[in-house]
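Secondary and tertiary structure notes
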Amino acid sequence: MVEIIDLHKSFDGNIVLDGISFNVDEAENMVVFGRSGTGKSVLLKCMMRLMEPDSGDIKIQGKDVLKLELKELNALRKNIGFLFQGAALYDSMSVRENLEFPLIRNFNLDQKEIDERVHFVLEAVSLLEAIDKMPSELSGGMRKRIGLARSIITKPQLMLYDEPTTGLDPITSKEISVLIIELQHQLKMTSIVVTHDLLCAKIIADRAIVIDDGKIVEEGSINDLVTSKDPFIKNFFSDEIIENNGSII
Amino acid sequence: MNNLLTSGKLFSKTEKTLTNFFEMLGGLTSFSVRFFKEVFLPPYEVEQIRKHMIELGMKTLPIVGVTGFIIGLVIAMQLSPVLKRFGAEAFLPGSVGISIVRELGPVICALIFAGRVSSGIGAELGSMRVTEQIDAMEVSGVNPFRYLVVTRIFATTFILPILTVYVIFISLIGAYIAVVLVQNMTWAYYLDRVIFAVEFGDAIPGVSKTFVFGFIVGLVGCYKGYTTENGTEGVGKASTSAVVVSSLLILIFDMVLVKLSLWIWPVVK
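Residues numbered from 1 in each chain as written. Chains lettered and ligands numbered in written order. Predicted model: local features only at pLDDT ≥ 70, side-chain atom pairs only at ≥ 80, totals over all residues.

**What about the overall build of chain B?**
Formally: The way it works is that DSSP assigns letters per residue, a run of H or I at least four long becomes a helix, a run of E at least two long becomes a strand, and they are numbered from the N terminus. Note on contacts: residues are paired as contacts if their backbone-placed C-beta atoms lie within 7 Å.
A tally of regular secondary structure across chain B gives eight helices and zero strands. For chain B, the proportion of contacts with a sequence separation of at least 24, taken over those separated by at least 6, is 89%.

**Quick word on helix H3 (residues 92–130) of chain B**
All names here are of chain B. Put simply, the test is: Helix span, as expected, comes to 1.5 Å for every residue beyond the first. A residue's bend is the angle separating two fitted axes: one through the seven residues that end there, the other through the seven that start there. Here a residue counts as buried when 20 or more other C-beta atoms fall within 10 Å of its C-beta, as exposed when 12 or fewer do, and as partly exposed in between; the C-beta atoms come from the backbone.
Taking 1.5 Å per residue, 39 residues should reach 57 Å; H3 reaches 53 Å between its end C-alpha atoms and fits that length. Ile100 marks the point of greatest bend in H3, at about 55 degrees. Within H3, 30 of the 39 residues are buried, which leaves it mostly tucked inside the rest of the structure. Just downstream of H3 lies Glu132, where phi reads positive at about 65 degrees.

**A word on helix H1 (residues 40–47) of chain A**
Counting buried positions along H1 of chain A yields eight of eight residues, so the element is predominantly enclosed. When we look at burial in H1 of chain A, the residues that qualify are Lys40, Ser41, Val42, Leu43, Leu44, Lys45, Cys46 and Met47 of chain A.

**Details of the packing of helix H3 (residues 95–106) of chain A against helix H4 (residues 111–124) of chain A**
A pair of packed helices is captured by two measures, namely the crossing angle of their axes and the spacing between those axes. All names here are of chain A. What counts is decided by this rule: Orientation is described by lines fitted to C-alpha atoms, with helices fitted over the stretch in contact, and by angles between N-to-C directions that extend from 0 to 180 degrees. Our angle categories are set so that under 35 degrees counts as roughly parallel, over 145 as roughly antiparallel, 65 to 115 as roughly perpendicular, and the remainder as oblique. For any helix crossing, the convention is left-handed if the near helix is rotated counterclockwise from the far helix by under a right angle, and right-handed if that rotation is clockwise. Think of it as three bins: nonpolar holds Ala, Val, Leu, Ile, Met, Phe, Trp, Tyr, Cys and Pro, charged holds Asp, Glu, Lys and Arg, and polar takes everything else, Gly as well.
Interaxial distance between H3 and H4 falls to 10 Å at its minimum, and their mutual angle equals 130 degrees. With respect to H4, the axis of H3 lies oblique. In this structure, H3 meets H4 at a crossing whose hand is right-handed. Facing Arg96, Leu99, Glu100, Leu103 and Ile104 of H3, the residues of H4 in contact are Ile114, Arg117, Val118 and Val121. Residue composition of the contact of H3 with H4, by class: six nonpolar, no polar and three charged.

**Remarks on unusual backbone geometry**
Here the bond from Pro42 of chain B into Pro43 of chain B is cis, since omega is 0 degrees, no more than 30 degrees from zero. Looking at the secondary structure, you find Pro43 of chain B in the loop between helix H1 (2–38) and helix H2 (46–85). For Asp6 of chain A, which is not a glycine, the phi torsion comes out positive at approximately 45 degrees. One can find Asp6 of chain A in strand E1 (residues 2–11). Of note, Asp213 of chain A is a non-glycine position whose phi angle comes to about 50 degrees, a positive value. Structurally, Asp213 of chain A can be placed in the loop between strand E9 (207–212) and strand E10 (215–220). Since 13 C-beta atoms lie within 10 Å of it, Asp213 of chain A is described here as partly exposed.

**Observations concerning the environment of Lys229 of chain A**
For Lys229 of chain A, the location among the structural elements is in the loop between helix H8 (222–226) and helix H9 (231–243). Distance in space between the C-alpha atoms of Lys229 of chain A and Thr154 of chain A is 42 Å, their sequence separation being 75 residues.

**Quick notes on the nonpolar core**
Heads up, the rule is: Under the definition applied here, buried Ala, Val, Leu, Ile, Met, Phe, Trp, Tyr and Cys residues are grouped into a nonpolar core through C-beta atoms within 7 Å.
Ranked by size, the top nonpolar core spans 134 residues in total, and within it Val32 of chain A together with Phe113 and Ala175 of chain B carry the most contacts. With sequence-adjacent residues up to four places away left out, Phe113 of chain B is seen in contact with Thr60, Val64, Leu160, Leu163 and Val217 of chain B.

**Observations regarding the confidence of the model for chain B**
Let me state the cut-off plainly: Across the chain, each position has a pLDDT score giving the predictor's confidence in that residue, from 0 to 100.
On average, residues of chain B score 91 in pLDDT, and 97% of them are at 70 or above. Interface confidence in the predicted complex, given as ipTM, is 0.86; pTM for the same model is 0.86.

**Focus on the sheet that holds strand E6 (residues 80–83) of chain A**
All names here are of chain A. Applicable threshold: A pair of strands is labelled paired if DSSP reports no fewer than 2 bridges between them.
If you trace the six strands from one edge of the open sheet to the other, you get E6-E7-E8-E3-E9-E10, paired in mixed fashion. The sheet terminates laterally at E6 and E10, the two strands that pair on one side only. Going from strand to strand, the sheet's axes swing by 15 degrees on average, the running direction of each strand aside. As judged from the four bridges shared by strand E3 (residues 29–34) and strand E8 (residues 190–194), these two strands associate in the parallel manner. Pairing of Asn29 across the sheet is with Ser191, part of E8.

**Some details on the sheet that holds strand E2 (residues 14–24) of chain A**
All names here are of chain A. Pairing is antiparallel across the open sheet formed by four strands, whose spatial order is E2-E1-E4-E5. Taken across any chain shown, the strands that pair with only one partner, and hence form the sheet edges, are E2 and strand E5 (63–64). Alignment of strand E4 (residues 55–60) against E5, held across two bridges, turns out to be antiparallel. Bridge assignment links Ile60 to a residue of E5, and that residue is Lys63. The sheet contacts of H1 involve E1, E2 and E4, and relative to E2 the element is tilted by about 65 degrees.

**Some points on the packing of helix H5 (residues 140–152) of chain A against helix H6 (residues 170–187) of chain A**
Residues and elements named next belong to chain A. Axis separation between H5 and H6 bottoms out at 11 Å; the angle between their running directions is 15 degrees. One finds that H5 runs roughly parallel with respect to H6. Note that H5 runs across H6; the crossing there is right-handed. Where H5 abuts H6, its residues Gly141, Lys144, Leu148 and Ile152 lie against Thr172, Ile176, Leu179, Leu183 and Leu187. Residues belonging to the contact of H5 with H6 are distributed by class as follows: six nonpolar, two polar and one charged.

Structure below.
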C-alpha cells in the first residue's frame, strides 16, 4: 500500500530525514515514534507532497507520488485522509460546511447523499449535536473528532494521523485512540500514525518504527519496542513504563 | 576598528534588506503570473467571489464614505480663499470636481481600502497558513490558490472601482457643503459647474486606475498571508507589511498611471 524508499530531507543544512525506508501493507496500522523535531510530521507531509523531499521515492497504491502531475496527485489525495495535529478545521465554516467541503469539491454527489455521509461520520465520532456549531465553539477533543470525521468522510483507503492525541487529557486521548481503531476496522483503512503517546500506539499499532536523528533505529511490535535492549529505545519508553508501574497498559 | 565593524554591520543589514526586497518583488511577480494562469481555469468560484465582494465592500463602505466626505469638504475650504485671491471663485466647483475625480477620490479610496482590506486578507490567510487550514485544503484535493487567492484578488479588483465612484460622489457632496458656506450656490448649479468642468478624459482614467489599485491590494494581501511563516508572530508581520507594501505600490503605480493617462487623454483645451 505504502512504500517509502531512502527518503532524505533537510532544512538549511539541518538533516531531518536521513534515508528513511519502510513499507506499510494494506489494512495495516503503522505507528511512527520519535522525539520532537525528528521529522515525523515532515515524513507525513512529504507523503502528501505538502513538502518536497530532497531525494528518495514514495509509492502509494503503486503510484510514484513524487512524479505525479498536479491533477493525478489531487486524484490520489482524494483516496487519502489526513488528520492534522491541530485538526485544521476551517474557522470560517460551520461543522457541517467543514464536512461537506471535500465532498462538494471532489465528488459528484447529490445533497441527499452528502447529508447521509455527514450524519454517518458525525454519528461515528459521537458529535451529531455539533453539526451547526462553529469550530471556535468546540473543545480540543471535539475539534480532533470533527477533524477525524472530515478526514474519513471521503472514505479514504489510507489515513495519515499527525499526533492525534497531542494536547488532550488521558481520557480523551484514549477515547480518540479507540475511535481511530474502531473506524479503521469499520472502514478497512490502512493507517500511519505519528505519535509520542504509548497508550495510543498500544491501542492502534500492528507495527511501529522509531525514528532518531533522521534514521529508523528500531522496527517491530509495541511489545518488541518496550522490551528492546537498545539504550535509546529503553530511554524513550522508560517514562511511559514508569507511569504504568513498570508495564505497558 | 570600531568604524570597520559598524560599517560591516551596516553593509550586511543593507544587503539583507535588499535581498528581502528583491525576494518579495520576485514572489509578487510569480504570484501574479500564477493568478493570471489560474483565473481562467474552471471551476469558477463565482459564489466565493460574490461573497468576498459584498464582504469587503460593506466592510470598507462606512470608512471610505466618511473620509471622502471630509476630503471633499477640506479641499473646497482650502481652495476657496486661494481662488478668491485670483478672482476665480467661480471655478471652485470645477477645480474641486477635477481634483476629486482625477486624483483624490481614487487614491484616497485605494489607500483606505489597502489599510482595511489588505491587512485583513493578510491576517486571515496568514492564520489559515499557520493553523494548517491551507494544507488541509490541499490534501483534500482542492486547489487552495484558486479557492482562496484568485477569488479574493478578483473581488478586490472589481469592488474598488465601485467604491471609488461612491467616494467621488460623497466627496462632491462634502465639497458642496463647503461651497455653500462661502458662496450662495444651489446644488443644481454646483453640479452643473462640476459636470461642465469634469470631462470624459478626467473620469475614465481616474476610475480605471482603481482596477490596478484593487488588484495590488488583493495581490499583496494574499501574497503576504499565503506565504506566512513563524506562527502567530508571522501573522502580525504579514498583516502589517501587507498594508505598507500595498500602499507604497499604489502610490508608485499612481505615478506611472497618471503619466500614462495624460499621454492618452491630454488635458488641453
